[in-house]
Amino acid sequence: MKKSPDLLLTALAPAIWGSSYITATTFLPDADPIMVSLLRALPAGLLLLLLTRQLPSGIWWLRVAILGFLNFSLFFICLFIAAYLLPGGIAAIVGAVQPLLVIVLAAAFLGAPVRLLQYFAALLGIVGVAMLMLSPSAELDPWGLLAGLLGAGSMACGIVLTRKWQPPVSALTFTAWQLTAGGVLLIPVVLISGAPLPPATADSLVGLVWLSLVGGVITYTLWFRGIGKLGAHIAAPLSFLSPTSAVLLGWAINGEALNALQLLGMAIVLFSVMLGSGQVSALRSWLKSRQILQAQPEGRP
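Thresholds applied
Residues numbered from 1 in each chain as written. Predicted model: local features only at pLDDT ≥ 70, side-chain atom pairs only at ≥ 80, totals over all residues. Heavy atoms only, no water. Helix = DSSP H or I, 4+ residues; strand = E, 2+ residues; numbered from the N terminus. Buried < 20%, exposed > 50% of the residue type's maximum accessible area, 1.4 Å probe, protein only. Contact = heavy atoms within 4.5 Å. Areas by Shrake-Rupley, 256 points an atom, 1.4 Å probe, with all protein chains shown as cover. pLDDT = per-residue confidence, 0-100. Salt bridge = Lys/Arg side-chain N within 4 Å of Asp/Glu carboxyl O. Patch = residues over 30% accessible without salt bridge, like charges linked within 9 Å, V, L, I, M, F, W, Y side chains within 5 Å. Expected span 1.5 Å × (residues − 1). Polar contact = N/O pair within 3.5 Å; in protein donor to acceptor, adjacent residues only side chain to side chain.

Engineer: Lay out the overall build of the protein in plain terms, naming residues and giving numbers.
Structural biologist: The helix and strand inventory of the protein stands at 14 helices and zero strands. Written out in order from the N terminus, the α and β elements of the protein read α-α-α-α-α-α-α-α-α-α-α-α-α-α. Counting over 301 residues, the protein shows a buried share of 48%. The contacts in the protein between residues at least 6 apart in sequence include a share of 89% that link residues at least 24 apart. Total accessible area computed for the protein in this model is approximately 15,000 Å², and 71% of it derives from carbon and sulfur atoms.

So this is what it looks like as structure tokens:
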């Protein structure tokens, strides 16, 4: 269970991302989502660049542009299109395909070991998210589904390439590069769409600070660090924690009811995360070793 601290730190990122919906609806209810995406990425990236004072060089300019596009620009746009055209539950389920895609891509391009248990864990996680989020009255929109799948594919490719391309800089610097690149690439989208700035209120400021500094700087630094240390195929299942966190926050803050099916789905999601990250087998081995140690007679090493 040596990787547990790294897993816990990495898991904080998707757990905090689960607060994005309640933050946006509470503090930025009338803000344009594309403008919010820009304000979430670019100021955070520029702030980190001022702190780290290090720019890419050589081939890293192109690589960072690709990563910024996949992890932020394209992903954010697809995420919000799916959110507009699909009910929240359907959008979450479509997005939950991402860990499965990461496992496939990591095996193909990173040479990650192919383990059937990880595929099973990814499928189990999708089932858990469906039980957690799906409403019987949900309607499907083909363009929303396409946007959701494209967003999941974009993030999956970004995760795999983030693991493949590890620059000789700190995770903080790597995060600064990607956030800035993603934000810059969103500027033309904002200009073309004519997205307005959010209203200048205290609530808007609180929402943007949370999404940018906490949901941007801190979470993505932890996320990219985790991908580098754990591997893409280990970090990816942790993204199932995002819809779980969103549901728990809705229950804790807004008093939204949780039924038995959702509680079961939550348990399945948590089990799939442990299974996919190897913590179930690690826990079993640890318990077995403890039993062996406890079974040894006194006075023996």
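After that view of the structure, there is still more to cover.
Engineer: Go over the confidence of the model for the protein with me, naming the residues and quoting the values.
Structural biologist: Per-residue confidence for the protein averages 86 on the pLDDT scale, and 89% of its residues sit at or above 70. Within the protein, the element-level pLDDT minimum falls on helix 14 (residues 279-295), averaging 55, and the maximum on helix 9 (residues 171-193), averaging 95. The low-confidence segment residues 297-301, where pLDDT is below 50, has one contact with residues more than four positions distant or belonging to other chains.

Engineer: Help me get a handle on the pattern of salt bridges, residues and values and all.
Structural biologist: Per the stated rule, a full pass over the model turns up one salt bridge. As a salt-bridge pair, Arg225 and Asp6 come within 2.9 Å of each other at their nearest N and O atoms. With a gap of 219 residues between them, Arg225 in helix 10 (residues 202-230) and Asp6 in helix 1 (residues 4-17) connect regions that are remote in the sequence. Residue Arg225 is classed as partly exposed on the basis of its relative accessible area, which comes to 26%.

Engineer: Which residues make up unusual backbone geometry, and what values do they have?
Structural biologist: Phi is positive for Arg53, close to 50°, though the residue is something other than glycine. For Arg53, a relative accessible area of 73% translates into the label exposed.

Engineer: Account for a nonpolar patch on the surface, naming residues and giving values.
Structural biologist: Nonpolar side chains collect at one region of the surface, where Leu47, Leu51, Leu205, Val209 and Leu213 lie side by side and expose about 450 Å² of accessible area between them. Elements with a minimum of two residues in the nonpolar patch: helix 3 (33-52) and helix 10. It is helix 10 that provides the largest number of residues to the nonpolar patch, a total of three residues. Relative to the assigned elements, Leu47 resides in helix 3. Here Leu47 falls in the partly exposed class, since its relative accessible area comes to 37%.

Engineer: Break down helix 13 (residues 260-276) for me, with residues and values.
Structural biologist: With 17 residues, helix 13 extends 24 Å between its outermost C-alpha atoms, agreeing within 8% with the 24 Å of an ideal straight helix rising 1.5 Å per residue. Residues of helix 13 that are buried: Gln262, Gly265, Met266, Ile268, Val269, Ser272, Val273, Leu275 and Gly276. Between the side-chain oxygen at the start of helix 13 and the backbone nitrogen of Leu261 there is a gap of 3.1 Å, and the oxygen is on Asn259. Within two residues after helix 13, Gly278 carries a phi angle of roughly 80°, on the positive side.

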